[in-house]
Each structure stands twice: as C-alpha cells, then as structure tokens.
Amino acid sequence: MRKIFFANLLLLLLVSCGTSKHSRIIAHRGYWQTEGSHENSISSLKNAMALRVYGSECDVRQTADGVLVLFHNAKLDDGRVVAEHKFADLADYRLPNGEKIPTFDEALAVMEDAPSGFKLIIEIKGGDVKDIVAAVERRGLQKKVEYIAFGRQHCLDLIALNKGLKVSYLASNKKSAWTPKELKDKGFYGLDYSAGLLNENSEWIGEARKLGLDVNVWTVNTPEDVDKFFKMGVDKVTTDIPALYKNKK
C-alpha cells in the first residue's frame, strides 16, 4: 500500500510541476498583436493555437439573415450595423490586415484541427444562443468550446438548454456582477470578471474556488499583473499578450 501511495504522490507532483502558466492563458480575441493579423480574425485564432495556450476568445454576432460572424463592435467602421445587414452586404468589408469578416463556422472549421485541450472561448455579443450551440454541435466541437457573455439572459438561456455547457458570466463592476454563491446557485461553470472588479473583491476568488467555480480575469496586459492574479488564485488570465508565458513554467 505504501508503494502505491508514494507512486501516486510522485505522479501528482510530476503533473503539477509540468503545468505551465501559458497553459492557463486565454488569448483575447486571438493572438492578434503580431504582424499580419487582427483581432477576431482567422489568423489570430491560428496564431493562438500555435502558441498552445489554454484557448482563444472570440466575439460572436449574427447578421440580419442569420449568419453568425466574428466581430467585436455592433457597427463596422463605416457605420453599418452588423445585425441590420445580410451577410452578403458585408462581403466588401475588410479588416485592417486585409482579411474579411470571418463566419463563426469558418472559425469552428479551424478548431477541428486545434491542439488537444485548446478551447474556443465564445463570447456571445448578439444572436440566438440556440443557433450558436447548434453550429458547435454540427462540427462535433462541444468539448472544445466554452461560453461567456455580459448578457445575463444569454447566459441563463445557455444554462437552460440543460446540455452541460460551460458558461461563465462576464462583469466589469460590482453593480452588474453576481456573487460566486449566486452564480453557483444559477448553474454557472464560472465567473469571468475584470481585473478592476477582482482587485476590489479579491475574496470572491477564494469563495468561487471553494464552490467549484472556474475563475478567469480580464484583460490583463502586464507581466506583473498576470503574475499577481495567478498568485491571487485565479484559474486563468485573459490577455492581449498571450505569448508572455510561451515555454515558461
């Protein structure tokens, strides 16, 4: 029995020592702060995959004819509202790096070849949550995605589907936030709160962990702050500089 115990203990130590911080990093809108890329583009997703970080966050909206696309703002730079135009009407628009607005399905197609464990963190900015989940299911990528949203109803609608989806709630201030206890009671997978909010309510990190909730913080863009939040006990950090922990333990 003692041999079995010490063998298991050694295995646990090896696993914990092999867990690198970059495997707990989420690339904010992909890894786009590199030449030839742009946020919420196919290139930024592929760049994040190449880093082998935990995952890549993206923003999903829906056009007037039901096409799901990756785009952060409600409007294009020229004033066109994404939700008010058919996808074909947006075909002439180019991101600053020359890429077109990617469809959600194009991003999911790329995810089919993602490294083991790599996740697409889907932030729902707009659209029908059932359409978004159905698109993921068509590609068989249920285990390769997680969901986040500022919209409480979007989150609750995802949870209500009763499909065991990993749904985390986004909040930037205490007025809009739910406490860890409230999130647990509502069936959330985790919380995804701003750096400022968790700095002011650092006790929530420990409370959430005790409740079995996943804790992510955004958007943290200095090495010192990334280290600080890991020391505070968060599970993951979302950042615009995902290459920070590449090949670091």
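For the structure, check the block above.
Residues numbered from 1 in each chain as written. Predicted model: local features only at pLDDT ≥ 70, side-chain atom pairs only at ≥ 80, totals over all residues. Heavy atoms only, no water.

Q: I keep staring at the overall build of the protein chain and nothing clicks. Help me out?
A: The secondary structure content of the protein chain amounts to nine helices and nine strands. Looking at the 249 residues of the protein chain, the share that counts as buried comes to 47%. For the protein chain, the accessible area works out to roughly 12,400 Å², and carbon and sulfur atoms hold 53% of it. (Helix = DSSP H or I, 4+ residues; strand = E, 2+ residues; numbered from the N terminus. Buried < 20%, exposed > 50% of the residue type's maximum accessible area, 1.4 Å probe, protein only. Areas by Shrake-Rupley, 256 points an atom, 1.4 Å probe, with all protein chains shown as cover.)

Q: Whenever I open this one, the layout of surface pockets confuses me. Can you help?
A: A probe as big as a water molecule, rolled over the atoms, marks out the empty space that is left. Within this model, the largest pocket holds a volume of roughly 150 Å³. If you go around the largest pocket, the residues you meet are His38, Glu39, Asn40, Phe71, His72, Asn73, Asp77, Tyr93, Leu95 and Pro96. (1 Å grid on protein atoms, 1.4 Å probe; cavity = no way out; pocket = protein on both sides within 12 Å on 5 of 7 lines; lining within 4 Å. Points joined across faces, edges and corners; volume = space filled by probe spheres on them.)

Q: Teacher, can you tell me more about the packing of aromatic side chains here?
A: Inspection of the entire model under this criterion finds seven aromatic pairs. Residues Phe150 and Trp218 carry aromatic rings whose centres are separated by 5.8 Å and whose planes lie at 85° to one another, so their mutual orientation is edge-to-face. Placement of Phe150 in the loop between strand 5 (145-149) and helix 5 (152-160) and of Trp218 in strand 8 (residues 214-218) is noted, with a sequence separation of 68 residues between them. Judged by centre distance (6.4 Å) and plane angle (80°), the rings of Tyr169 and Tyr193 are edge-to-face. Linking Tyr169 in strand 6 (residues 167-171) with Tyr193 in strand 7 (residues 190-194), this pair joins segments that are 24 residues apart in sequence. Judged by relative accessible area, Tyr169 falls into the buried class, the value being 2%. Each residue in the set Tyr169, Trp178, Phe188, Tyr193 and Trp204 is aromatic and connected to the rest through ring pairs, giving one cluster. Sitting over the ring of Trp178, Arg152 keeps its end group 4.0 Å from the ring centre. (Phe/Tyr/Trp six-rings, centres within 6.5 Å; stacked < 30°, edge-to-face > 60°. Lys NZ or Arg CZ within 6 Å of the ring centre and 35° of its normal.)

Q: Whenever I open this one, the pattern of salt bridges confuses me. Can you help?
A: A side chain of one charge can pair with a side chain of the opposite charge if their charged atoms are brought near each other. Throughout the structure, instances matching the rule amount to twelve salt bridges. In this structure, Arg209 and Asp235 form a salt bridge, with 3.6 Å as the shortest nitrogen-oxygen distance. With Arg209 in helix 8 (residues 203-210) and Asp235 in the loop between helix 9 (223-232) and strand 9 (236-239), this residue pair connects regions lying 26 residues apart in the sequence. Taking the relative accessible area as the measure of exposure, Arg209 reaches 42% and is therefore partly exposed. (Salt bridge = Lys/Arg side-chain N within 4 Å of Asp/Glu carboxyl O.)

Q: Help me out: how do you make sense of the packing of helix 2 (residues 42-51) against helix 3 (residues 104-111) in this one?
A: In a pair of packed helices, the angle between the axes and the distance between the axes together describe the arrangement. Here helix 2 crosses helix 3 at 25°, and the two axes come no closer than 10 Å. With respect to helix 3, the element helix 2 is oriented roughly parallel. For the element pair helix 2 and helix 3, the recorded crossing hand is right-handed. Across the interface between the two elements, Ile42, Leu45, Lys46 and Met49 from helix 2 touch Glu106, Ala107, Val110 and Met111 from helix 3. When grouped by side-chain class, the residues that make up the contact of helix 2 with helix 3 number six nonpolar, no polar and two charged. (Axes fitted to C-alpha atoms, helices over the stretch in contact; angles between N-to-C directions. Parallel < 35°, antiparallel > 145°, perpendicular 65-115°, else oblique. Left-handed = near helix turned anticlockwise from the far one by under 90°. Contact = heavy atoms within 4.5 Å. Nonpolar A, V, L, I, M, F, W, Y, C, P; charged D, E, K, R; others polar.)

Q: Would you explain helix 9 in this entry?
A: In an α-helix, one turn spans 3.6 residues, which is why side chains three or four residues apart end up on the same side. For helix 9, the full list of buried residues reads Val226, Phe229 and Phe230. Looking straight down helix 9, one finds that the buried residues subtend no more than 100° of arc, so they occupy a single side. Residues of helix 9 that are exposed and point more than 90 degrees away from the buried face comprise Glu224 and Lys231. Buried positions along helix 9 lie against strand 1 (25-27), helix 7 (195-200), strand 8 and strand 9. Downstream of helix 9 by a residue or two, Gly233 has a phi angle that is positive, lying close to 110°. (Arc of directions from axis to C-beta.)

Q: When you look at the environment of Tyr147 in this model, what are you seeing that I'm missing?
A: Relative to the elements of secondary structure, Tyr147 occurs in strand 5. Sequence spacing of Tyr147 and Ile122 is 25 residues, and the spatial spacing of their C-alpha atoms is 4.8 Å. The residues contacting Tyr147, other than those within four sequence positions of it, are Ile122, Ile124, Ile132, Val133, Val136, Leu158, Leu165, Lys166, Val167 and Ser168.

Q: I would appreciate a short explanation of the side chain of Glu146 in the present structure.
A: Tracing the sequence through the fold places Glu146 in strand 5. Polar side-chain contacts of Glu146 include one of 2.4 Å to the side chain of Tyr54. Setting aside chain neighbours within four positions, we find Glu146 in contact with Tyr54, Lys119, Leu120, Ile121, Ile122, Lys166 and Tyr189. (Polar contact = N/O pair within 3.5 Å; in protein donor to acceptor, adjacent residues only side chain to side chain.)

Q: Got a minute to help me understand empty space enclosed by the protein in this structure?
A: On inspection of all chains with the given rule, the structure shows two cavities of 30 Å³ or more. Taken as a whole, the largest cavity spans an internal volume of roughly 70 Å³. Surrounding the largest cavity, Ile26, Ile121, Glu146, Tyr147, Ile148, Ser168, Tyr189, Asp192, Asp214, Asn216 and Lys236 form its lining. When residues of the lining of the largest cavity are traced back to their parent elements, those giving at least two are strand 5 and strand 8. Ranked by residues supplied to the lining of the largest cavity, first place goes to strand 5 with three residues. Residues belonging to the lining of the largest cavity are distributed by class as follows: five nonpolar, two polar and four charged.

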